[in-house]
Amino acid sequence: MGKTVITEKRILFFFFLLLVIVVTGILWCRYTTRDRQDKQRYEKLQKEKREEGIPKLRKRYEDMVGWLEIKKTDFSYPVMQTKDNPEYYLHRDEKGGYSFYGTPFLDSRCSLESDNLIIYGHNINGRRFFGYLQNYRDREFYESHKNLCFSKVDGVEETYPIVSVMKTDTDSDCYRYTDIYNDEEYRDLVKEILNNSLYRCEGADILEKEMNEETVEAFFHKYQFLTLSTCRTGEGRDARLLVIGCKKR
């Protein structure tokens, strides 16, 4: 009787183990298929951008507001925006279909002339997609990739030297401000950006020097900031990494 019970338990354990293996295999196949499809999608978009240019892509994808990239890397993506549905592209592709990766999108409060352009994207495991920004935790990577590039829908590319790499959370003032109507708040945002960087960036020295030497009125709105935001996976639900560049207007 005892041996029969033990045998039955072993059989049940075997089928449970087999079920776990099968389910894990199915989930892994789905993950790799989804991963491959999104990778191919972005490769196709990057090819379209090279061959046709951004203005033509804008006619095809109406919600597209620009193109974001880091030179000499695979980090090269369209940026979307939907004013009436801010997170529409969180898990959608450029055509509006489902995508686990989603598509980078500009904060719905922003215009292309805002003081702080905030662009969101997913941190995908393996430092893929916006997870690639995790490389900026290491100063050595920054030394080789000091600029962000953003092309608006007219196709004119603008360079934003990186001034800060911040480990922060969703309560950061960097999310609070997109358009700033008070010169003191503008300075406060700049101080927040510079003082909380993981390390000192080259562009920060120039920015701080001008802020300290010029009058409040002269410095107000002088720079436009480009803030790239992604999650810090495994560090808390609200943990965020920001890579922030800026350019003179």
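Residues numbered from 1 in each chain as written. Predicted model: local features only at pLDDT ≥ 70, side-chain atom pairs only at ≥ 80, totals over all residues. Heavy atoms only, no water.

1. Description of the confidence of the model for the protein
1) Next: Residues at a pLDDT of 70 or more form 86% of the protein, whose mean pLDDT is 87.
2) Next: Scored below 50 in pLDDT, residues 22-31 makes one contact in the model with residues more than four places away or belonging to other chains. (pLDDT = per-residue confidence, 0-100. Contact = heavy atoms within 4.5 Å.)

2. Let's talk about the pattern of salt bridges
1) Next: As enumerated under the stated definition, the model contains 23 salt bridges in all.
2) Next: Residue Glu-69 pairs with Lys-71 through a salt bridge whose shortest N-O separation is 3.5 Å.
3) Next: On the basis of relative accessibility, which here comes to 38%, the residue Lys-71 falls in the partly exposed class.
4) Next: Here Glu-202 makes a salt bridge to Lys-146, at a shortest N to O gap of 2.3 Å. You can see Glu-202 sitting in helix α6 (residues 202-213) and its partner Lys-146 sitting in the loop between α3 (139-144) and β7 (147-152), a full 56 residues away along the chain. (Salt bridge = Lys/Arg side-chain N within 4 Å of Asp/Glu carboxyl O. Buried < 20%, exposed > 50% of the residue type's maximum accessible area, 1.4 Å probe, protein only. Helix = DSSP H or I, 4+ residues; strand = E, 2+ residues; numbered from the N terminus.)

3. Considering the packing of helix α5 (residues 183-195) against α6
1) Next: For the pair α5 and α6, the least separation of the axes is 11 Å and the interaxial angle reads 150°. Taken as axis vectors, α5 and α6 run roughly antiparallel relative to one another. Handedness of the crossing formed by α5 with α6: left-handed. Between α5 and α6, the residues in contact are Arg-187, Val-190, Lys-191 and Leu-194 and Ala-204, Leu-207, Glu-208 and Met-211, respectively.
2) Next: The class makeup of the residues in the contact of α5 with α6 is five nonpolar, no polar and three charged. (Axes fitted to C-alpha atoms, helices over the stretch in contact; angles between N-to-C directions. Parallel < 35°, antiparallel > 145°, perpendicular 65-115°, else oblique. Left-handed = near helix turned anticlockwise from the far one by under 90°. Nonpolar A, V, L, I, M, F, W, Y, C, P; charged D, E, K, R; others polar.)

4. Some details on the side chain of His-145
1) Next: Among the structural elements, His-145 can be located in the loop between α3 and β7.
2) Next: Judged by its relative accessible area of 16%, His-145 falls in the buried class.
3) Next: If we skip the residues at most four places from it in the chain, His-145 touches Ile-70, Lys-71, Lys-72, Thr-73, Tyr-136 and Ile-162.

5. Let's talk about the pairing of strand β1 (residues 64-69)
1) Next: Summarising burial for β1: six of the six residues are buried, a large majority.
2) Next: The pairing of β1 with strand β2 (residues 76-80) spans five bridges and is classified as antiparallel. Each bridged residue has a counterpart across the sheet, and for Leu-68 the counterpart in β2 is Tyr-77.
3) Next: In sequence, β1 turns back onto β2 through a hairpin of six residues, with Lys-72 there showing a positive phi of about 65°.
4) Next: Where β1 meets β7, four bridges bridge the pair, whose relative direction is antiparallel. (Pairing = 2+ DSSP bridges.)

6. Some words on the environment of Tyr-101
1) Next: The topology assignment puts Tyr-101 in the loop between β2 and β3 (105-106).
2) Next: On the accessibility criterion, Tyr-101 (7% relative accessible area) is buried.
3) Next: A C-alpha to C-alpha distance of 7.5 Å links Tyr-101 and Phe-129, two positions 28 residues apart in sequence.
4) Next: A distance of 3.2 Å separates the side chain of Tyr-101 from the side chain of Arg-128, its partner in a polar contact. (Polar contact = N/O pair within 3.5 Å; in protein donor to acceptor, adjacent residues only side chain to side chain.)

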